Amino acid sequence: MVQAALDQVNEGGLESLTMRRLTERLDTHLPTIYRLFADKDALLDEMAETILARALASQDTADSDWTSRVKGLASGLRSALLAQRDGARIVGGNYAAKRNNLSFIDSLVGCMQDSGLPGESAMWAASSVFCFVLGETLEQQGADGSEADILAGAVSAGGYRHLAAGPAWRLFDFDARFNFGLELFVEGVRRYLSGPVRP
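Residues numbered from 1 in each chain as written. Predicted model: local features only at pLDDT ≥ 70, side-chain atom pairs only at ≥ 80, totals over all residues. Heavy atoms only, no water.

1. Brief notes about the UniProt feature "domain: HTH tetR-type" (unreviewed entry) in the protein
Under the convention used in this document: UniProt positions are given in the numbering used here, feature names are shortened, and annotations may be inferred rather than shown by experiment. The helix and strand labels rest on DSSP assignments: H or I over at least four residues marks a helix, E over at least two residues marks a strand, and numbering proceeds from the N terminus.
On the UniProt side, "domain: HTH tetR-type" (unreviewed entry) is annotated at positions that read residues 1–55 here. Along residues 1–55 the backbone is 76% helical and 0% strand, and the end-to-end C-alpha distance reaches 20 Å.

2. Considering the packing of helix H1 (residues 2–12) against helix H4 (residues 40–57)
Spelled out, the test is: Convention adopted: a line fitted to C-alpha atoms gives each axis, helices being fitted over their contacting stretch, and angles between N-to-C directions are expressed from 0 to 180 degrees. Throughout, the term roughly parallel applies to angles under 35 degrees, roughly antiparallel to angles over 145, roughly perpendicular to angles from 65 to 115, and oblique to all others. Working rule for contacts: check all heavy atoms of both residues, and any pair within 4.5 Å makes them a contact. Polarity classes work like this: nonpolar for Ala, Val, Leu, Ile, Met, Phe, Trp, Tyr, Cys and Pro, charged for Asp, Glu, Lys and Arg, and polar for all others, with Gly in that last group.
Two elements in contact, H1 and H4, have axes whose closest approach is 9 Å; the angle formed by their N-to-C orientations is 85°. By the angle between their axes, H1 is roughly perpendicular relative to H4. Each of Val2, Gln3, Ala5, Leu6 and Val9 in H1 lies in contact with H4, whose residues at this interface are Leu43, Glu46, Met47, Thr50, Ile51 and Arg54. In terms of residue class, the contact of H1 with H4 is built from seven nonpolar, two polar and two charged.

3. What about a nonpolar patch on the surface?
Counted only if it meets this: Patch members must show over 30% relative accessible area and no salt bridge, and they are joined within 9 Å when carrying like charges or within 5 Å when they are nonpolar side chains of Val, Leu, Ile, Met, Phe, Trp or Tyr. For the area figures, the Shrake-Rupley method with a 1.4 Å probe applies, and any residue is considered shielded solely by the protein chains shown. By convention in these notes, a salt bridge is any Lys or Arg side-chain nitrogen within 4 Å of a carboxyl oxygen on Asp or Glu. We call a residue buried when its accessible area falls under 20% of the maximum for its residue type, exposed when it is over 50%, and partly exposed in between, using a 1.4 Å probe and counting protein chains only.
A contiguous nonpolar patch, built from Met1, Leu26 and Leu36 and spanning about 250 Å² of accessible area, is present on the exposed surface. When you line up the elements, Met1 lands in the segment before H1. Given the relative accessible area of 30%, Met1 is considered partly exposed.

4. Details of the nonpolar core
Applicable threshold: The term nonpolar core refers to a set of buried residues drawn from Ala, Val, Leu, Ile, Met, Phe, Trp, Tyr and Cys, joined through side-chain atoms within 4.5 Å.
In terms of nonpolar packing, the biggest core is built from 45 residues, with Leu43, Met47 and Phe104 touching the most fellow members. At the level of secondary structure, the elements contributing two or more residues to this core comprise H1, helix H2 (19–26), H4, helix H5 (66–82), helix H6 (87–92), helix H7 (99–115), helix H8 (119–142) and helix H11 (174–194). Ignoring sequence-local partners within four residues, the contact set of Leu43 consists of Val2, Ala5, Leu17, Met19, Leu22 and Phe37.

5. Some words on unusual backbone geometry
Its identity as a non-glycine residue notwithstanding, Asp27 has a phi of 55°, on the positive side. Within the element layout of this structure, Asp27 appears in the loop between H2 and helix H3 (30–36). Overall, Asp27 belongs to the exposed group, its relative accessible area being 72%. Positive phi, close to 60°, is recorded for Asp86, a residue that is not glycine. If you trace the backbone, Asp86 turns up in the loop between H5 and H6. Accessibility expressed as a relative area gives 12% for Asp86, which makes it buried.

6. Re the UniProt feature "DNA-binding region" (unreviewed entry) in the protein
Annotation from UniProt places "DNA-binding region" (unreviewed entry) at residues 18–37. Between the C-alpha atoms that bound residues 18–37 there is a distance of 13 Å. The span itself is 75% helix and 0% strand.

7. With respect to H11
The following threshold applies: Given a helix with a known number of residues, its expected span is that number minus one, times 1.5 Å. Each direction from the helix axis to a C-beta atom contributes to the arc, which is the arc of those directions.
Under the 1.5 Å per step criterion, the end-to-end length of H11 is 30 Å for 21 residues, consistent within 8% with the ideal 30 Å. Buried within H11 we find Phe174, Phe178, Gly181, Leu182, Val186 and Val189. Taken around the axis of H11, the buried residues stretch over an arc of 130°, which confines them to a single face. Every exposed residue of H11 that faces more than 90 degrees away from the buried side is listed here: Phe180, Leu184, Arg191 and Ser194. Along its buried surface, H11 packs onto H5, H7 and H8.

8. Notes on the packing of aromatic side chains
The following threshold applies: Whether two aromatic rings pair depends on their centres lying within 6.5 Å, for rings of Phe, Tyr and Trp, where Trp uses its six-membered ring; planes under 30 degrees apart make the pair stacked, over 60 edge-to-face, and the rest tilted. Two conditions define a charge located above a ring, namely a distance within 6 Å from the ring centre to NZ of Lys or CZ of Arg, and an angle within 35 degrees of the ring normal.
What the rule picks out here adds up to three aromatic pairs. The cationic tip of Arg78 hangs over the ring face of Phe178; the distance from NZ or CZ to the ring centre is 4.7 Å.

9. What to know about the side chain of Ser115
Positionally, Ser115 belongs in helix H7. Every residue in contact with Ser115, bar those within four places of it in the chain, is listed here: Trp66, Val189 and Leu193.

Shown next, in the form of structure tokens:
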């Protein structure tokens, strides 16, 4: 049933998913679905769990280096989100204390603890990585391909010298900006740990 819901989203976007459409897709009745899911939010939670299970399956637990594990978890999450239409929206709205959700965050927190960050700081750092991946993927999944030309036209009209020097069109190289942001994050943790400067 969860896979059918994910397939529906792949075909028509998250807005196309309704409990009634799901019953039609499965050739069943609403009471059957509501016996399994109290409401659409409960269904979305399970859809997020399925996506996060794919992200967890891609992690390499054999690597002992915390930076490699953080990058692997972040890249695996991004790949799992991009493999599902509106994946970032599905997972981003999920705060259910369920196995895959908690396991993924627990793995990230463990990486941050291994870096040397203490308890609360490790949780904030893990949350920052998770939100970075969600935000980047949300941007990418929301792009329809026309934005680069629109941005280039607006910037070339003048008044945005910093964007023009960028150049601004590079904002739509989502792979490059994800890799840069992730590297910046990891180096930031190293700098935080090595120096006396604290927020």
